[in-house]
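This is what each chain is made of:
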Amino acid sequence: MSVRIPIHRAWPGPTSGPLDDAALTALYRRHDRPRLRVNFVTSIDGAVTVDGYSAGLSGEPDKRVFGVLRMLCDALVVAAGTLRHEGYRAVRLDPARRAWRREHGLAEYPTLVVVSGSLRLDPAQAAFADAPVRPVVLTRADATAPAGLAEVADLVRCGDDRVDLAAGLAELRRRGLGQLLCEGGPRLFGALTTAGLVDEVCLTVAPLLAGPGADRITAGPVGPPRDLPLRHVLTAADGVLMLRHARD
């Protein structure tokens with residue numbers, strides 16, 4: 001059995017002992033109104049990948065918080081490019097986290113939501129074919145779906161020349177998916193930021209200099225700066241920082 005690396009709260013009010021999963025759940029709690037939370041891991045110098053993949057930045061403490069965030073959300077939102085590149089499988093949770101969701105009146109698993117303007121998706125990918133809950137795909141009005149995709153996912157058409165993210169999120173909320181967790185990629189994060197749709201950012205900073213060349217956590221058209229106050233700072237014994245920035 002692997003030993004957990006302790007996580008402590010450094011700010012506000014430093015904790016004297018490590019945080020268990022119940023304490024992490026309380027810190028990253030669900031909210032009583034619709035909310036879009038974005039979760040990323042980055043190097044000190046802002047890289048979103050090492051050797052092309054985010055796994056090179058993520059350690060055990062980050063994965064614990066990652067699991068808690070997935071447990072808390074109604075839907076997990078991801079761009080099609082990230083889904084393909086990172087090889088997403090079906091969104092599943094361990095028995096303890098499924099039990100927590102049942103106890104709190106939630107569906108046993110969150111819904112996977114894929115944002116794809118082109119619908120260049122493979123219905124046979126495990127994220128669709130093996131999904132415990134039927135995924136949703138947000139796409140453009142005129143995008144042509146590949147054979148079999150409509151059999152494994154609900155297609156929500158919103159927007160003409162590009163996916164209308166505000167309309168797509170409104171449709172998700174109409175379906176009862178109010179607590180949304182976005183795991184990227186950078187262009188989706190950039191588009192959500194420009195549209196003013198991001199309520200919260202959870203950012204893990206790995207103690208690593210990746211050097212030039214890697215993408216950063218946000219990309220796309222430039223929008224106005226937006227304030228997002230710091231709410232807490234967590235630290236782990238492996239030198240990782242976990243930051244949570246959120247609107248009131």
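Structure shown above.
Note that the structure is a prediction, hence the values are computed from the model and not measured. (Residues numbered from 1 in each chain as written. Predicted model: local features only at pLDDT ≥ 70, side-chain atom pairs only at ≥ 80, totals over all residues. Heavy atoms only, no water.)

Novice: Whenever I open this one, helix 8 (residues 186–194) confuses me. Can you help?
Specialist: One turn of an α-helix holds 3.6 residues; hence residues three or four places apart share an orientation. Within the sequence span of helix 8, burial applies to Pro186, Leu188, Phe189, Gly190 and Leu192. Elements that come into contact with the buried residues of helix 8 comprise strand 2 (35–43), strand 3 (75–79), strand 4 (111–115), helix 7 (165–174), strand 7 (179–182) and strand 8 (200–206). Of the residues one or two after helix 8, Gly196 is the one with positive phi, at around 70 degrees. (Buried < 20%, exposed > 50% of the residue type's maximum accessible area, 1.4 Å probe, protein only. Helix = DSSP H or I, 4+ residues; strand = E, 2+ residues; numbered from the N terminus. Contact = heavy atoms within 4.5 Å.)

Novice: Which parts of the structure should I look at to understand the side chain of Asp62?
Specialist: Along the polypeptide, Asp62 turns up in helix 2 (residues 60–72). A polar contact of 2.6 Å, which involves the side chain of Asp62, links it to the side chain of Ser58. Not counting the four nearest positions on each side in its chain, Asp62 is found in contact with Val41, Thr204 and Met242. (Polar contact = N/O pair within 3.5 Å; in protein donor to acceptor, adjacent residues only side chain to side chain.)

Novice: Would you mind showing me how to read the environment of Ile5 here?
Specialist: Within the secondary structure, Ile5 sits in the segment before strand 1 (7–11). Its relative accessible area of 25% is what places Ile5 among the partly exposed residues. Setting aside residues no more than four positions away along its own chain, Ile5 makes contact with Glu60, Pro61, Arg64, Ala236, Ala237 and Asp238.

Novice: Mind showing me how you'd approach the sheet that holds strand 9 (residues 230–236) here?
Specialist: Strand pairing in a sheet is mediated by backbone hydrogen bonds. Such pairs are either parallel or antiparallel. Read from one edge of the open sheet, 10 strands run 1-9-10-8-2-7-3-4-5-6, paired in mixed fashion. Unpaired on one side and paired on the other, strand 1 and strand 6 (154–157) mark the two borders of the sheet. Each adjacent strand pair in this sheet contributes to an overall mean axis angle of 25 degrees, direction not counted. The strands touched by helix 2 are strand 1, strand 2, strand 3, strand 7, strand 8, strand 9 and strand 10 (241–246); relative to strand 2, the strand with the most contacts, the crossing angle is about 165 degrees. Helix 8 contacts strand 2, strand 3, strand 4, strand 7 and strand 8 of the sheet and is inclined by roughly 135 degrees relative to strand 2. (Pairing = 2+ DSSP bridges. Axes fitted to C-alpha atoms, helices over the stretch in contact; angles between N-to-C directions.)

Novice: How should I be thinking about the side chain of Arg97 in this particular structure?
Specialist: Among the structural elements, Arg97 can be located in helix 4 (residues 95–103). In contact with Arg97, not counting residues within four places along its chain, are Asp21, Arg64, Gly67, Val68 and Met71.

Novice: Would you mind showing me how to read the environment of Leu241 here?
Specialist: Mapped onto the elements, Leu241 comes out in strand 10. Note: C-alpha distance between Leu241 and Gly56 (185 residues apart in sequence) is 16 Å.

Novice: Explanation requested: the packing of aromatic side chains in the structure shown.
Specialist: The geometry of an aromatic ring pair is captured by two quantities: the separation of the ring centres and the angle between the planes. Inspection of the entire model under this criterion finds 1 aromatic pair. Sitting above the plane of the Tyr109 ring, Arg92 keeps its charged end 5.9 Å from the centroid. (Phe/Tyr/Trp six-rings, centres within 6.5 Å; stacked < 30°, edge-to-face > 60°. Lys NZ or Arg CZ within 6 Å of the ring centre and 35° of its normal.)

Novice: Which parts of the structure should I look at to understand the nonpolar core?
Specialist: Within soluble globular proteins, side chains that are nonpolar generally end up buried alongside one another. Judged by nonpolar contacts, the single largest core of 35 residues is most densely connected at Tyr28, Leu83, Val114 and Leu121. Here this core takes 5 residues from helix 2, the largest share from any one element. Beyond its immediate chain neighbours, meaning those up to four positions away, Leu83 contacts Val78, Tyr88, Leu112, Val114, Leu121, Gln125, Ala127 and Phe128. (Core = buried A, V, L, I, M, F, W, Y, C linked by side-chain atoms within 4.5 Å.)

Novice: Sorry, what's going on with the environment of Ala10 here?
Specialist: One can find Ala10 in strand 1. In the structure, Ala10 is positioned 105 residues away from Val115 in sequence and 35 Å away in space, judged by C-alpha atoms. Residue contacts for Ala10: discarding those within four places in its chain leaves Val233, Leu234 and Thr235.

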